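Inside the fold
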Amino acid sequence: MAKFKVYYTIELNEIATHIFESNDFEVKLCSHNDEETYVKELAAFQPDAIMCRTEPITAKMMDTCTNLKVIGKQGAGLDNIDMDHAHAKDITVVYAPAGNANAVAEHAVMLMLMCAKRFTYVDRQFRGGNFLVRMDMEHTYELGGKTLGMIGCGRISQLAMKKCKYGFGMKVIGYDPYMTQEKIGDLCELKETAKEVWEQADFVSVHLPVVPSTEHSIGREQFSWMKPTASFINCARGALIKEDELVACLQDGTLFQAGLDVFEHEPIQESSRALFDLDNVIMTPHMAATTEQSVLNCCTSVANDIVAVCNGQEPQVKAQKPKF
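Residues numbered from 1 in each chain as written. Predicted model: local features only at pLDDT ≥ 70, side-chain atom pairs only at ≥ 80, totals over all residues. Heavy atoms only, no water.

1. Overview of the sheet that holds strand β10 (residues 231-234)
Within the open sheet, the 7 strands sit side by side as β8-β7-β6-β9-β10-β11-β12. Their pairing is parallel. Each of the sheet's edge strands pairs with one partner strand only, and the pair in question is β8 (189-190) and β12 (281-283). (Pairing = 2+ DSSP bridges. Helix = DSSP H or I, 4+ residues; strand = E, 2+ residues; numbered from the N terminus.)

Dropping the structure here:
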């Protein structure tokens, strides 16, 4: 009989299963991705641990489990987990904030480059037979000499800053009330207000957690502050944005361009389908963090931390309620 049980809310990299099975865990994969199925299967399986990606881990799911000791998130953001309820029930939450940081930083830079070259517009024109679109390069740019503005200056932001500042020769500015100029050094010039960043940057990239103070905090007002040819990048969370206002600003020209990896509803719902018709938005399906290396890193560290918690040991990375 296995010593412990772990329930997957979605299929994970085989390295996680190898770690668990080698530590005498029984592993069960959900049969369908919805809360009703999760609750039913959790009640029958009664795991010691739940491991997830971006699937919601709700209070109802936790309350179903009588032996639940730990929840593991393969990734950095914790907004899919009811952290207040987990803390109230003394359930440890472990995650991998560093495991996919470089992958997300690279993806943000990729979206900047694609915006700078107006990729969606050029790609559609070229596929439609217009080879001479190559001569219509108004509002296309090199990154060198442009200003990158970061809203949130944590781990991922700083990795992207280094790539942009030292790799492309960009000026970097940022806003983060929890960061000091002394701590970040000459990597970034911190501004007193977020508005200064929105107004001065050629590319504004957001890297914030979703908490009450940030949820739906970015919309038409912020986009109206931007330069007429500036681009907005979001590889953090779709819930940071008032998506209807984002769409409207892209349609009416208030916002010149956007590079988006995340959306308010995932998969994208009908209310957001207008994004697909726009030439001034580049979209990827919440894939910034899912390189082979980052998935391996995250699965390995989180699985090992789950094993540690179940065995009464301290994990390497224990989640706290996010700031901001």
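From this point on, the discussion continues.
2. Quick look at the sheet that holds strand β3 (residues 49-52)
The strand order across the open sheet formed by 5 strands is β2-β1-β3-β4-β5, and the pairing between neighbours is parallel. Two strands lie at the open edges of the sheet, namely β2 (25-29) and β5 (92-94), each paired on one side alone. Ignoring strand direction, the axes of neighbouring strands in this sheet form an average angle of 20 degrees. Inspection of the sheet shows strand β1 (residues 4-8) paired to β2 by 5 bridges, in the parallel sense. Counted as the bridge partner of Phe4 is Phe25 from β2. Strand contacts of helix α1 (residues 14-22): β1, β2 and β3, with the helix running at about 145 degrees to β2, the strand carrying the most contacts. (Axes fitted to C-alpha atoms, helices over the stretch in contact; angles between N-to-C directions. Contact = heavy atoms within 4.5 Å.)

3. Topic: the layout of surface pockets
Considered as a void within the structure, the second largest pocket measures approximately 200 Å³ in volume. Lining the second largest pocket are 13 residues, with Ile151, Tyr175, Ala194, Leu208 and Ser217 sitting closest to its centre. For the lining of the second largest pocket, the per-class residue count stands at 9 nonpolar, 4 polar and no charged. (1 Å grid on protein atoms, 1.4 Å probe; cavity = no way out; pocket = protein on both sides within 12 Å on 5 of 7 lines; lining within 4 Å. Points joined across faces, edges and corners; volume = space filled by probe spheres on them. Nonpolar A, V, L, I, M, F, W, Y, C, P; charged D, E, K, R; others polar.)

4. Focus: helix α5 (residues 101-116)
For α5, built from 16 residues, the straight-helix expectation of 22 Å at 1.5 Å per residue is met to within 8% by its first-to-last C-alpha distance of 23 Å. Taken across its 16 residues, α5 has 12 buried, putting it largely inside the fold. Taken as a whole, α5 has its buried residues at Ala101, Ala103, Val104, Ala105, His107, Ala108, Val109, Leu111, Met112, Met114, Cys115 and Ala116. Downstream of α5 by a residue or two, Arg118 has a phi angle that is positive, lying close to 50 degrees. (Expected span 1.5 Å × (residues − 1). Buried < 20%, exposed > 50% of the residue type's maximum accessible area, 1.4 Å probe, protein only.)

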